[in-house]
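Spelled out, the chains give:
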Amino acid sequence: MKTTNMVENIVNRLINFLYTCLFLTICSGNLFAQEATSLEGEFKTGPAIILICLLVTFILVGIFNRAKDTSTYWAAGRKISPIGAGMAIASNWMSAASFLGMAAIMYGAGYHGLAYVVGWTGGYVLLLILMAGQIRRYGKYTAADFIGDRYYSQGLRAYGAGLAIFISFSYCVGQFAGIGLMFKWILGIDYTWAVIIGASVVLTYTLISGMLGVTKNMQIQYVIIIISFLIPLFILGYKFGYFYMLPQIGYGKVVTDIINGIAPGKGITAMGHSFGILPSPEFAMPWDPATGQTAFQWIAICFSLMIGTAGLPHVIQRFYVVPRANDARWSVVWGLFFICILYWSAPVYSAFGKVLSANPEVGKLAKDAIVVYTAQLGSVYPLIVGFLAAGAVSAAFSTVSGLLVAGASAFSHDLYYRVINPKADERTQMLMARIGTILMAAGVAIVALANLGLIAQLVAVAFSLAGCTIFPLFLLGIWWSGSNRAGAWGGLIAGSTVSIIALVYFVASKFGGTLPAMEFVTYYLNAWYFAIFGAPLAIAANIIVSKLSKEDTPLEIKKFLAEKVHNYKVEETE
């Protein structure tokens, strides 16, 4: 109770601080004004104060909610409420890719970018309907723990842990890069130091607190993310003369203007100049030739992201932090609500960015920074723009901390304790969990410092890989007791084979290599959506091999699935 009160006090003080900052911003006008077209520059006092206060808050929350045992480190002691878990799910999901990249995709590809909104959101609907309650009833800590126990195989457990580590690592690289970008802009420091400082902060509170402190921080981070994301939208809607009371609806008029064009002198301005826009009908078409996209790609992206979302280890792990199965389902409902607030708002930034970039003095904007660019070019108060950048940092922090815990759990619990050293005591497990967290954070930081061009693609591969491997194991493992160890291996081999082929061709295409049927394979097994073929193949292979194999799922596992997971009463037979 004492810890809860301390956390609530911190949240209240944080909110009061943010209100104060906004009030001072309105009063001070352009006190912190800077060149509108530049995301680089010197140390920015106002945004830096906001950022530093947030970082201190995250560390304090981690200290006050520090992990004392493995249950707290891996599953937050299973004491998080459904609403709190929903906020954490939303915060954990709304990474820098969602906060910064969602609008960037729609800015560049128009309506086609909505495939990502539909796919990612649809993944949580799948989780709600098919898996959330059942996963919690199974009662394990991690995805690999479920796989190893359900398919009674240490080899499968180790394979699942390896997948969890790879997926978490791939995701983290992109988030660390986003943290470095925003730290560099706010603090005016070199990208290398920006990544190191950001990584050090998130590593500190993750090491101290584990899943409990990470979850508490995610709740605070969600408030920061959503407030910082919404405030500029109302200001931009007002400045542009659209329906600013609810920009998520009013931006439809902006899209219409982009499609039909805007005549010069209508009053739309950027950087103080009136301008017009040439008609861009492809902006509202899902698969227009002008976008270079097809109907197949739109559908494939939706499908792959849906099942990929439902198979991500760090997403699945969130269902273990609530007390009951019913709480797990409600946490997904709340999570969907909180996620939709941001996803409903992201297209507004892309539309306003499209309008602003029509000015010849502005030109095409950098996609990754479209959210911050749009706020700057729309003459939003600079301190609010700084708060927006701090929201991007919070989004990256919330996702990174969840990924670090998921990766560390796979290393410590699934690999070390369950496979390598089953006799390890709790103190040793905690030590290995922290070592795993440090190793993963260090490795991710090193890759992020290289500033590779493949970061976004690695994240995409993680989705399709999860869809081809982990999702089929959970789907069949929960809903078909006939799926056995041999079938699981058959499905994994099939899904992994498709993944390897897609990855090999993808890397070859990026480095100018030539392989047989290059154009055909890179189109149908693209890194964004190869799960559209890999997942059905993995499911079919699992079913066929399970049917053909002579072994049967152990009776105790069948009984556990029926009675505990699905609440069916199994009567004993003689």
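Residue indices begin from 1 for each chain and proceed along its sequence in written order. The predicted origin of the model limits local features to residues at a pLDDT of at least 70 and limits the giving and counting of side-chain atom pairs to 80 or more, whereas totals for whole chains, interfaces and linings rest on all residues. Calculated side-chain values reflect all of the structure's heavy atoms, with hydrogen atoms and water omitted.

### Considering the packing of helix H7 (residues 143-150) against helix H18 (residues 470-479)
For any two helices packed against each other, the geometry is given by the interaxial angle and the distance between the axes.
Part 1 of the reasoning: Running from amino to carboxyl end, H7 crosses H18 at an angle of 50 degrees, the nearest separation of the two axes being 11 Å. Viewed along their axes, H7 and H18 adopt a mutual orientation that is oblique. Note that H7 runs across H18; the crossing there is left-handed. Judged by residue contacts, Ala143, Phe146, Ile147 and Arg150 of H7 engage Leu473, Phe474, Leu476, Gly477 and Ile478 from H18.
Part 2 of the reasoning: Of the residues in the contact of H7 with H18, the class split is 7 nonpolar, 1 polar and 1 charged. To obtain each axis, a line is fitted to C-alpha atoms, and for helices this fit is confined to the stretch in contact; angles are then taken between N-to-C directions over 0 to 180 degrees. Under the DSSP-based scheme used, a helix requires at least four consecutive residues in state H or I and a strand at least two consecutive residues in state E, with every element numbered from the N terminus. Should an angle lie under 35 degrees it is considered roughly parallel, over 145 roughly antiparallel, and from 65 to 115 roughly perpendicular; all remaining angles are considered oblique. Handedness of a crossing is defined here by the sense of rotation of the near helix relative to the far one, left-handed for an anticlockwise turn of less than a right angle and right-handed for a clockwise turn. The contact criterion used is simple: two residues touch if any of their non-hydrogen atoms lie within 4.5 Å. Classification used: nonpolar for Ala, Val, Leu, Ile, Met, Phe, Trp, Tyr, Cys and Pro, charged for Asp, Glu, Lys and Arg, polar for all others including Gly.

### Let's talk about the nonpolar core
Part 1 of the reasoning: Take the buried Ala, Val, Leu, Ile, Met, Phe, Trp, Tyr and Cys residues and link them wherever side-chain atoms come within 4.5 Å; each set so joined is a nonpolar core. Any residue under 20% of the maximum accessible area for its type is buried, any over 50% is exposed, and the rest in between are partly exposed; the area is computed with a 1.4 Å probe on protein chains only. Membership of the largest hydrophobic core comes to 158 residues, with the highest contact counts inside it found for Trp93, Phe99, Tyr124, Phe176, Phe183, Phe397 and Phe474.
Part 2 of the reasoning: The dominant element in this core, judged by the number of residues it contributes, is helix H9 (residues 191-240), at 22 residues.
Part 3 of the reasoning: In contact with Phe183, other than residues within four places in its own chain, are Leu51, Leu55, Gly188, Ile189, Ala194, Ile197, Gly198, Val393 and Phe397.

### Structural notes on empty space enclosed by the protein
Part 1 of the reasoning: Residues are said to line a cavity or pocket when one of their atoms sits within 4 Å of a point; the points come from a 1 Å grid over protein atoms alone, cavities being sets where a 1.4 Å probe fits but cannot get out and pockets being open sets with protein on both sides within 12 Å along at least five of seven lines. Grid points are joined across faces, edges and corners, and a volume is the space filled by probe spheres set on the points. Per the stated rule, a full pass over the model turns up 2 cavities of 30 Å³ or more.
Part 2 of the reasoning: Its boundaries defined by the atoms lining it, the largest cavity holds a volume of some 50 Å³.
Part 3 of the reasoning: Thr142, Ala143, Ala144, Ala164, Pro313, Gln317, Ala406, Ala410 and Asp414 together form the lining of the largest cavity.
Part 4 of the reasoning: Secondary-structure elements contributing two or more residues to the lining of the largest cavity are H7 and helix H15 (382-420).
Part 5 of the reasoning: With 3 residues, the top contributor of residues to the lining of the largest cavity is H15.
Part 6 of the reasoning: Of the residues assigned to the lining of the largest cavity, the class counts are 6 nonpolar, 2 polar and 1 charged.

### Here we look at unusual backbone geometry
Part 1 of the reasoning: We note that Tyr152 has phi near 40 degrees; this positive angle belongs to a residue other than glycine.
Part 2 of the reasoning: When you line up the elements, Tyr152 lands in the loop between H7 and helix H8 (154-187).
Part 3 of the reasoning: Positioned with a positive phi, Ala517 is a non-glycine residue whose angle comes to about 55 degrees.
Part 4 of the reasoning: Of note, Ala517 is situated in the loop between helix H19 (485-510) and helix H20 (518-524).
Part 5 of the reasoning: Note on Ala517: relative accessible area 49%, which makes it partly exposed.

### What about helix H16 (residues 426-449)?
Residue pairs three or four apart in sequence face the same way in an α-helix, which turns once every 3.6 residues.
Part 1 of the reasoning: One less than the number of residues in a helix, times 1.5 Å, gives the span that helix is expected to have. The terminal C-alpha atoms of H16 lie 34 Å apart, and with 24 residues this matches the ideal 34 Å at 1.5 Å per residue to within 8%.
Part 2 of the reasoning: Among all positions of H16, only Gln429, Met430, Met432, Ala433, Gly436, Thr437, Met440, Ala441, Gly443, Val444, Ala445 and Ala448 are buried.

### Observations concerning the environment of Gly353
Part 1 of the reasoning: On the secondary structure map, Gly353 appears in helix H13 (residues 325-356).
Part 2 of the reasoning: Overall, Gly353 belongs to the buried group, its relative accessible area being 0%.
Part 3 of the reasoning: Gly353 sits 24 residues away from Leu377 along the chain, and the two C-alpha atoms are 8.6 Å apart.

### Here's the deal with the packing of aromatic side chains
Part 1 of the reasoning: Centres within 6.5 Å make a pair out of two Phe, Tyr or Trp rings, where for Trp the six-membered ring is used; the pair is then stacked when the planes are under 30 degrees apart, edge-to-face when over 60, and tilted otherwise. Taken as a whole and assessed by the stated rule, the structure comprises 20 aromatic pairs.
Part 2 of the reasoning: Aromatic side chains Tyr116 and Trp120 sit 5.9 Å apart centroid to centroid with 50 degrees between the ring planes, which places their arrangement in the tilted category. With Tyr116 and Trp120 both in helix H6 (residues 114-138) and 4 residues apart, the pair spans about one turn of that helix. The two residues Tyr116 and Trp120 agree in class, both being buried.

### Here's the deal with a nonpolar patch on the surface
Part 1 of the reasoning: Without a salt bridge and with relative accessible area above 30%, a residue can belong to a patch; like charges are then joined within 9 Å and nonpolar side chains (Val, Leu, Ile, Met, Phe, Trp, Tyr) within 5 Å. Per-residue and other accessible areas were derived by the Shrake-Rupley procedure at a 1.4 Å probe size, with only the shown protein chains allowed to occlude residues. One speaks of a salt bridge when a side-chain nitrogen belonging to Lys or Arg is within 4 Å of a carboxyl oxygen belonging to Asp or Glu. Nonpolar side chains collect at one region of the surface, where Tyr238, Phe243, Tyr244, Met245, Ile249 and Trp344 lie side by side and expose about 700 Å² of accessible area between them.
Part 2 of the reasoning: Residue position: Trp344 is located in helix H13.

### Comments concerning the confidence of the model for the chain
Part 1 of the reasoning: Think of pLDDT as the predictor's per-residue confidence, scored from 0 to 100. When the pLDDT values of the chain are averaged, the result is 77; 80% of them are 70 or greater.
Part 2 of the reasoning: At the level of individual helices and strands, the chain shows its lowest average pLDDT in helix H1 (residues 2-28), which scores 41, and its highest in helix H21 (residues 531-548), which scores 96.
Part 3 of the reasoning: A low-confidence stretch, residues 10-39 (pLDDT under 50), is modelled with 46 contacts involving residues beyond four sequence positions or located in other chains.

### Let's talk about the pattern of salt bridges
Part 1 of the reasoning: Throughout the structure, instances matching the rule amount to 5 salt bridges.
Part 2 of the reasoning: In this structure, the salt-bridge partner of Arg418 is Asp145, at a minimum N-O distance of 2.8 Å. Here the residue Arg418 occupies a position in helix H15, and Asp145 occupies one in helix H7, the gap between them amounting to 273 residues.
Part 3 of the reasoning: On the basis of relative accessible area, Asp145 is assigned to the buried category, the value being 2%.

### Observations regarding the side chain of Thr553
Part 1 of the reasoning: Here Thr553 is to be found in the loop between H21 and helix H22 (555-565).
Part 2 of the reasoning: Within the structure, the side chain of Thr553 is placed 3.1 Å from the backbone oxygen of Ser483, a separation counted as a polar contact.
Part 3 of the reasoning: Setting aside anything within four residues of it in sequence, one finds Thr553 in contact with Arg150, Tyr152, Ser481, Gly482, Ser483, Asn484 and Lys558. Polar contact is the term for a pair of N or O atoms within 3.5 Å; when the atoms are in protein, one must be able to donate a hydrogen and the other to accept it, and sequence-neighboring residues count only if both atoms are side-chain atoms.

### A look at the environment of Ile186
Part 1 of the reasoning: Within the element layout of this structure, Ile186 appears in helix H8.
Part 2 of the reasoning: Under the relative-accessibility criterion, Ile186 is labelled buried at 0%.
Part 3 of the reasoning: Ile186 sits 135 residues away from Leu51 along the chain, and the two C-alpha atoms are 8.2 Å apart.

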